[in-house]
Amino acid sequence: MYKLDALQYPYDALEPVIDQKTVEVHHGKHHQTYVNNLNKAIEGLDLKEQTIEELLRDLSQVPDERRQAVINHGGGHYNHLVYWATMTPGGAKEPQGELAKAIDETFGGFEKFKEAFEKAGAGQFGSGWAWLVLDKGEMKIVQSSNQDSPVSKGMIPLLVNDVWEHAYYLKYQNRRADYLKEWWGLVNWDIVADRYAKAK
Ligand code: MN3
């Protein structure tokens, strides 16, 4: 059984970039529903106790007829955990140290990185995610559709933005690009740096 922990911050903590109502529904309803449906998807299976990340890293543990449900709802659980974690209020407002160096070397600077990341988010057709990942040690921006998670492809997520409409629609309606731009104000780069240090 997986369970959804409370956020590390109150529902209004991401204001004004993401309004309280959106966070309330996104965490309390959408995310909670993924957890509930994940538990239904694995009900009765003889799986070892493991984190959701470990489960998604090795989907061969899941029988064929349940696998897509675990990808959808397990991905829905895990992807949101990364999303909430990297938006924790406080922390550095831009990358520092080793992380900053890697971003500069890979993307030609922080501004260029942001541009490429926003492009990935805006260019994701329909529902999905924009990610900064390490793929076999190489830093990359990738997209994923629906609740597909890069961990199932062996990548290590460092940062993610949710571009499903439920993440921004109440405040931004069809203006996904504005949400992507404003969202930088929420990223806690200390947490991303920590993830990077652990991933290396
Ligand atoms: Mn979402």
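Residues numbered from 1 in each chain as written. Predicted model: local features only at pLDDT ≥ 70, side-chain atom pairs only at ≥ 80, totals over all residues. Heavy atoms only, no water.

## Some words on the coordination of the manganese ion
Threshold: Any nitrogen, oxygen or sulfur atom within 2.8 Å of a metal ion counts as a donor, with the limit raised to 3.2 Å for Na, K and Ca, and since water is left out, coordination shells can look unfinished. When a residue's accessible area, from a 1.4 Å probe over protein chains only, is under 20% of the maximum for its type it is buried; when over 50% it is exposed; and in between it is partly exposed.
Binding of the manganese ion to the protein goes through H26 (NE2), H80 (NE2), D162 (OD) and H166 (NE2), at separations of 2.0 to 2.2 Å. Taken in chain order, the donor set of the manganese ion reads H-x53-H-x81-D-x3-H. Here D162 matches H166 in class, with each residue buried.

## With respect to the side chain of H31
Put simply, the rule reads: We count a stretch as a helix when DSSP gives it H or I for four or more residues in a row; a strand needs E for two or more, and each element gets its number in order from the N terminus. Here a polar contact is recorded for every N or O atom pair within 3.5 Å, except that within protein the pair must consist of a potential hydrogen donor and a potential acceptor, and residues adjacent in sequence are included only if both atoms are side-chain atoms.
Residue placement: H31 occurs in helix α1 (residues 20–42). One polar contact links H31 to W84, side chain to side chain, over a distance of 3.0 Å.

## Details of the domain arrangement of the chain
What counts here: Domain limits in this description derive from either an automatic procedure or a database domain assignment. In what follows, a contact means two residues having at least one pair of non-hydrogen atoms within 4.5 Å. A quick way to say it: buried area is the sum, across both parts, of accessible area lost when two parts are put together, with a 1.4 Å probe. Put simply, a salt bridge is a Lys or Arg side-chain nitrogen that is within 4 Å of an Asp or Glu carboxyl oxygen. Three categories are distinguished: nonpolar for Ala, Val, Leu, Ile, Met, Phe, Trp, Tyr, Cys and Pro, charged for Asp, Glu, Lys and Arg, and polar for the others, with Gly belonging to the last.
Here the chain is partitioned into domain 1 (20–85) and domain 2 (97–199). Placing the centre of domain 1 and that of domain 2 at their C-alpha centroids yields a distance of 20 Å. Counting residues at the interface gives 19 residues for domain 1 and 23 residues for domain 2. A buried area of about 1,700 Å², summed over both sides, lies between domain 1 and domain 2, and 57% of it is on carbon and sulfur atoms. The tally of links between domain 1 and domain 2 comes to zero salt bridges. Listing elements by their share of the side of domain 1 that touches domain 2, those giving two or more residues are α1, α2 (52–57) and α3 (64–86). Ranked by the residues each element gives to the side of domain 1 that touches domain 2, the list is headed by α3, at 10 residues. Here the side of domain 1 that touches domain 2 is built from residues that sort into eight nonpolar, eight polar and three charged.

## Description of the packing of α1 against α3
Quick reminder of the rule: Angular values range over 0 to 180 degrees, each being the angle between N-to-C directions of two axes fitted as lines to C-alpha atoms, with helices fitted over their stretch in contact. Handedness of a crossing follows from how the near helix is turned relative to the far one, being left-handed for an anticlockwise turn of less than a right angle and right-handed for a clockwise one.
Where α1 contacts α3, the two axes come as close as 8 Å, and the packing angle between them is 145 degrees. Crossing handedness for the pair α1 and α3: left-handed. Residues V23, H26, H27, H31, Y34, V35, N37, L38, K40, A41 and I42 of α1 touch α3, and the partners they reach there are R66, A69, V70, N72, H73, G74, G76, H77, H80, L81, Y83 and W84.

## A look at the nonpolar core
Definition in use: Joining through side-chain atoms within 4.5 Å is the link that ties buried Ala, Val, Leu, Ile, Met, Phe, Trp, Tyr and Cys residues into a set, and such a set is a nonpolar core.
Within the largest apolar cluster, 62 residues are counted, with the highest numbers of intra-cluster contacts made by Y83, F113, M139, L159, W183 and W189. Each of two domains, domain 1 (20–85) and domain 2 (97–199), supplies a minimum of three residues to this core. In this structure, W183 is in contact with V17, Y83, M87, F117, L159, V160 and N161, ignoring residues within four places of it in sequence.

## Thoughts on the pattern of salt bridges
A side chain with one charge can pair with a side chain of the opposite charge if their charged atoms come near. Within this structure, the stated rule accounts for 11 salt bridges. Here D64 makes a salt bridge to R67, at a shortest N to O gap of 3.0 Å. Separated by three residues within a single helix, D64 and R67 lie in helix α3, roughly one turn from each other. Accessibility expressed as a relative area gives 59% for D64, which makes it exposed.

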